[in-house]
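Descriptive structure summary
So you can see what is in the structure, the chains are spelled out below.
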Amino acid sequence: MSTVALRFLHVHHAFLLLLNLLPGFAHCRVPSTLEGPFDPVTVPFDLSLRGNAVDLPSSDPRVRRRVQGFEPEQISLSLSTTHDSVWVSWITGEFQIGFDIKPLDPKTVSSVVQYGTSRFDLVHEARGQSLIYNQLYPFDGLQNYTSGIIHHVRLKGLEPSTLYYYQCGDPSLQAMSDIYYFRTMPISGPHSYPGKVAIVGDLGVTYNTTTTIGHLTNNEPDLLLLIGDVSYANLYLTNGTGADCYKCTFPQSPIHESYQPRWDYWGRIMQNLVSKVPLMVVEGNHETEIQADNKTFVAYSSRFAFPSEESRSLSTLYYSFNAGGIHFIMLGAYINYDRKGEQYNWLERDLASVDRSITPWLIAIWHPPWYSTYEAHYREAECMRVEMEDLLYLYGVDIVFNGHVHAYERSNRVYNYSLDPCGPVHIAVGDGGNREKMAIKFADEPGHCPDPLSTPYPRHGRFCAANFTFGQESKFCWDHQPDYSAFREASFGYGILEVKNETWALWSWYRNQDSYKEVGDQIYIVRQPDICPVPQKVWGDFTASI
């Protein structure tokens with residue numbers, strides 16, 4: 001047995017001894033990764049659950065425009081790279097969709113945020129930028145879209161862990177919002193963490209989405225991470241006709257259309273939460289939205305503010321930021337990730353710049369999972385794994401969060417399909433509630449292993465799983481739940497991460513059908529820097545705020 005493995009067993013035994021000495025611990029037993037790897041568990045699918053969410057119609061009052069003139073709507077917050085800076089975003093004016101649209105002029109409305117630590121004395125003012133975007137199609141009969149005016153304002157010089165009040169809009173037009181509030185992130189350090197980080201994927205604009213967000217809001221998060229697939233506007237034609245499966249229902253479409261008002265619907269149902277809780281989002285496949293001149297990701301890149309420039313990224317599709325003692329890396333699975341590409345080079349520099357004495361926790365997020373045992377999207381992201389996994393393992397990424405698969409799954413610590421005490425825990429939470437139905441079949445079930453040739457990675461046309469091996473076996477699917485899969489269940493929901501200190505974090509997964517205090521899966525994820533050393537900081541202030 002290797003030295004690393006022996007040390008892991010010694011720590012494991014010491015931990016179990018400590019548990020036996022703690023009075024009353026058995027009455028509040030939450031397992032930890034120190035006790036793993038765990039035997040695989042599958043919770044049978046509950047047939048009473050709604051496996052097919054239904055989209056809110058345009059007539060629903062929750063998605064209708066409720067402001068007048070150039071008053072702000074769809075107000076949201078996002079973080080910069082450090083605690084002292086926050087982005088405020090909103091939209092003014094009405095979108096247009098049709099065959100004869102006239103874009104609004106962003107210069108006609110100012111982008112102003114007034115803010116302070118007292119709601120009665122907003123003594124500070126910041127100004128920012130505004131823009132509009134278009135979704136245009138080069139085919140007769142398809143309607144075009146132009147957005148309202150989108151505003152992004154960056155607040156700087158903020159104090160850590162401080163409650164700020166703000167209102168946004170254009171005071172010269174007497175078009176200001178109500179007063180909202182937010183709390184800044186704690187200062188980065190090994191003993192400083194946000195209270196609750198909510199993590200959800202694949203939301204959409206369904207009745208189940210509103211259940212998920214209501215449930216999540218009751219848990220009072222300090223930060224919200226959305227792991228791709230936001231509005232699902234691309235399940236609709238430009239005339240507003242939608243379907244659960246676009247390619248099944250509209251196989252003759254000359255281009256993959258998108259009904260952009262669904263983005264506005266999404267912004268309206270989310271405002272109550274994300275006007276108070278910062279939202280950090282990474283793109284999914286449904287954000288691609290190809291249009292004229294082969295433009296992609298236009299709505300996604302326009303509607304959200306990203307700390308791309310602050311984290312030295314050249315793209316809105318990948319970036320990084322700190323939240324207390326956590327360094328988050330948001331990666332793009334639908335942009336070049338090859339080892340000679342710009343994203344990989346950026347990732348290498350970003351990882352080398354992380355000082356684990358200041359941000360001990362390293363968490364990576366992207367949309368399609370590398371480790372998923374569901375039939376849906378099985379091994380789609382294998383090419384990305386082949387390119388990037390070694391680098392993430394080298395720098396000791398602690399947790400990976402993904403979406404894409406509309407169900408929940410948590411892995412044991414894993415690297416290259418092998419159980420490894422220094423590998424990250426991979427968690428898939430693509431169960432936010434969208435209309436594409438729940439994933440309920442597993443690739444290891446008889447008759448549900450996909451044809452390998454049917455699963456090349458999208459947009460790159462590559463196939464990286466042909467020579468897959470696990471131990472002495474060579475096969476595309478297991479005939480049982482693989483050892484790396486610790487827990488899986490098909491249900492709509494979301495998760496909450498609570499980092500307790502530099503080595504312990506509590507992960508809780510909640511199901512929509514339960515009380516918001518009742519967990520569906522819970523575990524302490526424990527870092528072991530003593531047996532899993534990582535390279536020391538190499539680069540300088542690569543992620544310094546600018």
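Here's a quick rundown of the structure. (Residues numbered from 1 in each chain as written. Predicted model: local features only at pLDDT ≥ 70, side-chain atom pairs only at ≥ 80, totals over all residues. Heavy atoms only, no water.)

Let us now look at the overall build of the protein chain. Assigned secondary structure in the protein chain consists of seven helices and 27 strands. The 546 residues of the protein chain split such that 58% are buried. In the protein chain, 72% of the contacts between residues at least 6 apart in sequence involve partners at least 24 apart. Carbon and sulfur atoms form 51% of the exposed surface of the protein chain, whose accessible area is close to 21700 Å². (Helix = DSSP H or I, 4+ residues; strand = E, 2+ residues; numbered from the N terminus. Buried < 20%, exposed > 50% of the residue type's maximum accessible area, 1.4 Å probe, protein only. Contact = heavy atoms within 4.5 Å. Areas by Shrake-Rupley, 256 points an atom, 1.4 Å probe, with all protein chains shown as cover.)

Turning our attention to the packing of aromatic side chains. Taken as a whole and assessed by the stated rule, the structure comprises 33 aromatic pairs. Taking 5.0 Å as the distance between ring centres and 70° as the angle between the ring planes, the aromatic pair formed by Tyr371 and Tyr417 counts as edge-to-face. Of this pair, Tyr371 sits in the loop between β19 (361-365) and α7 (382-394) while Tyr417 sits in the loop between β21 (408-415) and β22 (418-419); the two residues are 46 residues apart in sequence, bridging distant segments of the chain. Put simply, the rings of Trp263, Trp266, Phe297, Tyr300, Phe304, Phe306, Tyr319, Phe321 and Phe328 touch in pairs and so form one group of aromatic residues. (Phe/Tyr/Trp six-rings, centres within 6.5 Å; stacked < 30°, edge-to-face > 60°.)

Counting buried positions over the five residues of β19 gives five, a clear majority of the element. Judged from the five bridges that link them, strand β18 (residues 326-330) and β19 form a sheet pairing that is parallel. Within the sheet, the bridge partner assigned to His327 lies in β19 and is Leu362. After leaving β18, the chain enters helix α6 (residues 342-353) and then returns to the sheet as β19, a path that is right-handed. Note that β19 and strand β20 (residues 399-402) share three bridges and pair parallel. Paired with Ile363 across the two strands is Ile399, which belongs to β20. In this view, the connection linking β19 to its parallel neighbour β20 by way of α7 has right-handed handedness. (Pairing = 2+ DSSP bridges. Right-handed = clockwise from strand over helix to strand, strands pointing away.)

Moving on, we get to the sheet that holds strand β16 (residues 279-281). The strands making up a sheet are joined through hydrogen bonds of the backbone, oriented either antiparallel or parallel. Sheet architecture is open: six strands sit in the order β16-β15-β14-β25-β26-β27, paired in mixed fashion. The open sheet has two edge strands with one neighbour each: β16 and β27 (521-526). Here the average twist between neighbouring strands, direction ignored, is 20°. Direction of pairing for strand β15 (residues 223-226) relative to β16: parallel, over a ladder of three bridges. Note that in β16 the partner of Leu226 across the bridge is Val281. Against the sheet, helix α4 (residues 261-274) touches β15 and β16, its axis set at about 150° to β15. (Axes fitted to C-alpha atoms, helices over the stretch in contact; angles between N-to-C directions.)

Mapped onto the fold, Asp390 is located in helix α7. Overall, the relative accessible area of 38% leaves Asp390 in the partly exposed class. Separated by 25 residues in the primary sequence, Asp390 and Tyr415 place their C-alpha atoms 8.4 Å from one another. With residues up to four places along the chain from it excluded, the contact list for Asp390 reads Arg339 and Tyr415.

A few words on helix α2 (residues 207-218). Taking 1.5 Å per residue as the helical rise, α2 with its twelve residues ought to reach 16 Å, and the 17 Å between its terminal C-alpha atoms agrees with that figure. Looking at α2, one finds that the buried residues are Asn208, Thr209, Thr212, Ile213, His215 and Leu216. Looking straight down α2, one finds that the buried residues subtend no more than 160° of arc, so they occupy a single side. (Expected span 1.5 Å × (residues − 1). Arc of directions from axis to C-beta.)

On the basis of which strands lie adjacent, the open sheet formed by four strands has the order β2-β3-β10-β7 and antiparallel pairing. Each edge of the open sheet carries a strand with a single partner, namely β2 (73-79) and β7 (129-131). Direction aside, the axes of adjacent strands within the sheet are offset by 20° on average. Bridge analysis of β2 against strand β3 (residues 86-92) gives five bridges, and the strand direction is antiparallel. Counted as the bridge partner of Glu73 is Ile91 from β3. In the packing of α4 onto the sheet, contacts are made with β2 and β3, and the angle to β2 comes to roughly 65°.

A few words now on the state of the cysteines. If you walk through the whole model with that rule in mind, you get four disulfides. A sulfur-sulfur distance of 2.1 Å marks the disulfide that ties Cys245 to Cys248. As the torsion about the S-S bond is roughly 60°, the Cys245-Cys248 disulfide counts as right-handed. Taking relative accessible area as the criterion, Cys245 reaches 26% and is therefore assigned partly exposed. Cys248 sits in the exposed class, given a relative accessible area of 56%. In the protein chain, the bonded cysteines, numbered by position in the sequence, are linked as 1-2, 3-6, 4-8, 5-7. (Disulfide = S-S within 2.5 Å.)

In terms of nonpolar packing, the biggest core is built from 126 residues, with Leu223, Leu224, Phe328, Phe401, Leu497 and Trp507 touching the most fellow members. The dominant element in this core, judged by the number of residues it contributes, is α4, at seven residues. Ignoring sequence-local partners within four residues, the contact set of Leu223 consists of Leu79, Met185, Lys196, Val197, Ala198, Val277, Pro278, Met280, Phe321, Ala323 and Phe328. Counting nine residues, the second largest nonpolar core, distinct from the first, contains Val405, Ala407, Met438 and Ala439. (Core = buried A, V, L, I, M, F, W, Y, C linked by side-chain atoms within 4.5 Å.)

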